[in-house]
Amino acid sequence: RCVIAFVRDADDPQPVIAHGAWEGRIGEAPQGTGGFGYDPLFWPLGQAVTAAQMEPAAKNAVSHRGRALAELLRKLA
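If you're wondering where the values come from, they're calculated on a predicted model, not measured in any experiment. (Residues numbered from 1 in each chain as written. Predicted model: local features only at pLDDT ≥ 70, side-chain atom pairs only at ≥ 80, totals over all residues. Heavy atoms only, no water.)

(A) Seen up close, the overall build of the protein. Scanning the protein from N- to C-terminus turns up two helices and four strands. In sequence order, the secondary structure elements of the protein are arranged as β-β-β-β-α-α. For a compact globule of 77 residues, the expected C-alpha radius of gyration is about 11 Å, and the protein comes in at 15 Å, more than 25% above that figure. In terms of overall dimensions, the protein has a C-alpha envelope of 45 × 20 × 20 Å along the principal axes. (Helix = DSSP H or I, 4+ residues; strand = E, 2+ residues; numbered from the N terminus. Rg over C-alpha atoms; globule rule 2.2 N^0.38 Å.)

(B) Structural context of the packing of aromatic side chains. Under the counting rule described, the total for this entry stands at two aromatic pairs. Their ring planes at 80° and their centres at 6.1 Å tell us that tyrosine 38 and phenylalanine 42 sit as a pair that is edge-to-face. Since its relative accessible area comes to 37%, tyrosine 38 is described here as partly exposed. Through successive ring pairs, a cluster of aromatic residues spans Trp22, Tyr38 and Phe42. (Phe/Tyr/Trp six-rings, centres within 6.5 Å; stacked < 30°, edge-to-face > 60°. Buried < 20%, exposed > 50% of the residue type's maximum accessible area, 1.4 Å probe, protein only.)

(C) Region of the structure containing the pattern of salt bridges. One pass over the structure, following the stated rule, counts four salt bridges. Here glutamate 23 makes a salt bridge to arginine 1, at a shortest N to O gap of 2.8 Å. Of this pair, glutamate 23 sits in the loop between strand 2 (16-20) and strand 3 (24-26) while arginine 1 sits in the segment before strand 1 (2-6), placing them 22 residues apart in sequence. For arginine 1, a relative accessible area of 63% gives the class exposed. Notably, a salt bridge pairs lysine 59 with aspartate 39, separated by 2.3 Å at the nearest N-O pair. A residue pair is termed long-range when its members are at least 10 positions apart, and lysine 59 in helix 1 (residues 56-62) and aspartate 39 in the loop between strand 3 and strand 4 (42-44) qualify at 20 residues. The same class applies to lysine 59 and to aspartate 39, which are both buried. (Salt bridge = Lys/Arg side-chain N within 4 Å of Asp/Glu carboxyl O.)

(D) Local environment of the environment of alanine 70. Looking at the element boundaries, alanine 70 is found in helix 2 (residues 64-76). Overall, the relative accessible area of 30% leaves alanine 70 in the partly exposed class. Measuring from C-alpha to C-alpha, the distance between alanine 70 and aspartate 11 comes to 25 Å, with 59 residues separating the pair along the chain.

(E) Inspection of the pairing of strand 2 at higher detail. Burial of strand 2 is one-sided: the residues Val16, Ala18 and Gly20 facing one way are buried, the residues Ile17 and His19 facing the other way are not. Alignment of strand 1 against strand 2, held across five bridges, turns out to be antiparallel. Paired with alanine 5 across the strands is isoleucine 17, a residue of strand 2. (Pairing = 2+ DSSP bridges.)

Following this line, the structure appears as structure tokens:
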């Protein structure tokens, strides 16, 4: 899960909040060298590779961070 909050100033009464989720499962052994943290262990739902094995652009398009950022951009448009 990822939550991004856009706050215009310290007293902003209505920050823009966006959320992204990326479902999957945790593997038993690391696979892949890309990404960071848990990426070699994270098997995204519907994928045949770990997050560490995905091309960066493809991963960013479907990851929890990518989805949260895309939602934030939609809300700010």
